[in-house]
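Reading the structure
So you can see what is in the structure, the chains are spelled out below.
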Amino acid sequence: MVIGSFLATVIVGAIAGWLAGRIVEGYGFGLVGNIVVGVVGAFIAALILPRLGFSLGTGLFTAIVNSTLGAVILLVLIRLVKRA
């Protein structure tokens, strides 16, 4: 992976993780945790959204939106597992 794309992935992951932490109240994991949640959320969104027929396009803003949606899904799943 080229340094530029790695840096973009980290920035998008951090923004998406932070946004997801704001949307799903009570879930903030710090900078590194938010990056991990955002990157895993991007992976989840890449698997789930196309199967549901959602395609938002390409670009940085779209990557942040997709990653945030996936991160919200991840945080909701974490919340459900913790309650069980």
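The structure under discussion appears in the preceding block.
A short tour of the structure in this document, coming up. (Residues numbered from 1 in each chain as written. Predicted model: local features only at pLDDT ≥ 70, side-chain atom pairs only at ≥ 80, totals over all residues. Heavy atoms only, no water.)

Before going further, it helps to spend a moment on the overall build of the protein. The number of helices and strands found in the protein is three helices and zero strands. Going from the N terminus to the C terminus, the protein shows its helices and strands as α-α-α. Taken over C-alpha atoms, the radius of gyration comes to 12 Å for the protein, in line with the 12 Å a tight globule of 84 residues would show. Judged by the C-alpha coordinates and their principal axes, the protein covers about 40 × 30 × 20 Å. The buried share of the protein, taken over its 84 residues, is 32%. For the protein, the exposed surface amounts to about 5,500 Å²; the carbon and sulfur share of it is 75%. (Helix = DSSP H or I, 4+ residues; strand = E, 2+ residues; numbered from the N terminus. Rg over C-alpha atoms; globule rule 2.2 N^0.38 Å. Buried < 20%, exposed > 50% of the residue type's maximum accessible area, 1.4 Å probe, protein only. Areas by Shrake-Rupley, 256 points an atom, 1.4 Å probe, with all protein chains shown as cover.)

Once that is clear, we can look at helix α2 (residues 30–48). With 19 residues, α2 should reach 27 Å at 1.5 Å per residue; the first-to-last C-alpha distance of 26 Å fits that figure. The set of residues buried in α2 consists of Gly-33, Asn-34, Ile-35, Val-37, Gly-38, Gly-41, Ile-44 and Ala-45. Summarising the contacts, the buried residues of α2 are in contact with α1 (3–23) and α3 (60–83). (Expected span 1.5 Å × (residues − 1). Contact = heavy atoms within 4.5 Å.)

Locating Phe-61 in the fold gives a position in helix α3. Of the residues examined, Phe-61 reaches a relative accessible area of 66% and is grouped as exposed. Note: C-alpha distance between Phe-61 and Val-12 (49 residues apart in sequence) is 8.9 Å.

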